[in-house]
Amino acid sequence: MMRLQFIFISLCVVYCHSKPTEKKERVHHDEPLSSLKHDDSQNFDYDHEAFLGHEEAKTFDHLPLEESKRRLGIIVGKIDDNKDGYVTEEELKIWIKKAQQKYIFDNVQTQWNDFDTNNDGYIGWEEYKNVTYGSYLDSPSEDSDFNYSQMMERDERRFRMADKNGDLYVNKEEFTAFLHPEEFSHMRDIVLQETIEDIDKNGDGYIDLQEYIGDMYSPEKGEEEPEWVKSEREQFAEFRDKNNDGRMDRQETLDWILPEDYDHAEAEAKHLLHEADADRDGKLTKEEIVEKHEVFVGSQVTNFGEALMRHDEF
């Protein structure tokens, strides 16, 4: 029952309005590399968080200088994926994206043990279904407030899409795609399909203006329409409905919910490469990166830093 209560709460967060005047956000953006302002004339704190992630950047801020350099050298070895002794812009970008998306993998790890009930390193559909819908499956007649059978069908469809080899078992990467489909290119269609199913009330396969606004805003009787709703009407007409037929088709909906955002990780990788590439050969050696350690990581001689030197990972 606890799992069904969790689903109920999750659905309320995703599909309900806490206040009629609040806007529901359907658009999926990349997580920011850092909440800090990027101003290298002041400090390199933004670069530190982009390169290491927020928590690890705080750790490095308290390390003695030599220990900070030593750990940075270890990280360089991890970034150099093909082990050719150089770090390319692409390898830097991949590393930064991993730091950027760490919150996703933390979330997956938190849920993994709940669903891998036999501890075999995989989650089968039957395991997921029994943990998530066990109470409903035991007493399906109690399905009154929510259509759990429909929710289960939707989950199974998404599970099958994430399960690349079709054996109805997912590894951790596939489970990540199931929980966070917006992060995986092969899951884009399922994100699109679920969005249209949620908003397309008349079932014609399109999202018209009324459905678009209705998904975001439920007015109370006598309430004046907020300014942001008026702005969304204009956005729909000027930018969402690109062919001006009064509704969004699948491609227009996809462009709305999964926009081709500015690639912050790529921009940061170019920036770090520019800062540290002393010989301008378009790639970085370990020596070049460590020489420019102040750009990549922080350091500070403190007693706390001495204690962190004993961290097992390094």
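Conventions we followed
- Residues numbered from 1 in each chain as written.
- Predicted model: local features only at pLDDT ≥ 70, side-chain atom pairs only at ≥ 80, totals over all residues.
- Heavy atoms only, no water.
- Helix = DSSP H or I, 4+ residues; strand = E, 2+ residues; numbered from the N terminus.
- Buried < 20%, exposed > 50% of the residue type's maximum accessible area, 1.4 Å probe, protein only.
- Contact = heavy atoms within 4.5 Å.
- Core = buried A, V, L, I, M, F, W, Y, C linked by side-chain atoms within 4.5 Å.
- UniProt positions renumbered as here; feature names shortened; annotations may be inferred.
- Salt bridge = Lys/Arg side-chain N within 4 Å of Asp/Glu carboxyl O.
- Phe/Tyr/Trp six-rings, centres within 6.5 Å; stacked < 30°, edge-to-face > 60°.
- Lys NZ or Arg CZ within 6 Å of the ring centre and 35° of its normal.

A separate point is the overall build of the chain. In terms of helices and strands, the chain carries 17 helices and 4 strands. Burial analysis of the chain (314 residues in total) assigns 40% to the buried set. Across the chain, every contact between residues at least 6 apart in sequence was considered, and the portion connecting residues at least 24 apart equals 63%.

Right, let's get into the nonpolar core. Grouped together as the largest cluster of nonpolar side chains are 37 residues, with contacts concentrated most on Ile123, Tyr128, Phe175, Ile207, Tyr212 and Trp256. Going through the elements one at a time, helix 6 (102–115), helix 7 (125–138), helix 8 (148–162), helix 9 (172–179), helix 10 (188–199), helix 11 (209–216), helix 12 (227–240) and helix 13 (250–257) are the ones with two or more residues in this core. If we skip the residues at most four places from it in the chain, phenylalanine 175 touches Val108, Gln111, Trp112, Phe115, Ile123, Tyr128 and Val170. In this structure, Leu63, Leu92, Leu272 and Val290 belong to the second largest nonpolar core, which totals 24 residues.

Summarizing the sequence annotation, UniProt attributes the feature "domain: EF-hand" (unreviewed entry) to residues 67–102, 103–138, 150–185, 187–222 and 264–299 in the numbering used throughout. Measuring from the first to the last C-alpha atom of residues 67–102 gives 24 Å, for a span that is 72% helix and 0% strand. When the span residues 150–185 is considered, its composition is 58% helix and 6% strand, and the gap between its end C-alpha atoms is 25 Å.

In total, this model carries 16 salt bridges according to the counting rule given. Across the pair aspartate 255 and lysine 242 runs a salt bridge, and its minimum N-O distance is 2.9 Å. Linking aspartate 255 in helix 13 with lysine 242 in the loop between helix 12 and strand 4 (247–248), this pair joins segments that are 13 residues apart in sequence. Several salt bridges share partner residues, and in doing so they unite Arg154, Arg157, Arg158, Glu194, Glu197 and Asp198 into one network.

Within this structure, the stated rule accounts for 15 aromatic pairs. A ring pair is formed by tyrosine 128 and phenylalanine 159, whose centres lie 6.4 Å apart and whose planes are at 35 degrees; its orientation type is tilted. One end of the pair, tyrosine 128, is in helix 7; the other, phenylalanine 159, is in helix 8, with 31 residues separating them in the sequence. Owing to a relative accessible area of 8%, tyrosine 128 belongs among the buried residues under this scheme. On the numbers, 5.1 Å between centres and 50 degrees between planes, the contact of tyrosine 212 with phenylalanine 236 is tilted. With tyrosine 212 in helix 11 and phenylalanine 236 in helix 12, this residue pair connects regions lying 24 residues apart in the sequence. An aromatic cluster is defined as three or more aromatic residues linked by ring pairs; in this entry it consists of Trp112, Phe115, Trp125, Tyr128, Phe159, Phe175 and Phe178. Above the ring of phenylalanine 178, the side-chain terminus of arginine 158 is found at 6.0 Å from the ring centroid. Taking the ring centre of tyrosine 206 as reference, the NZ or CZ of arginine 247 above it sits at 3.5 Å.

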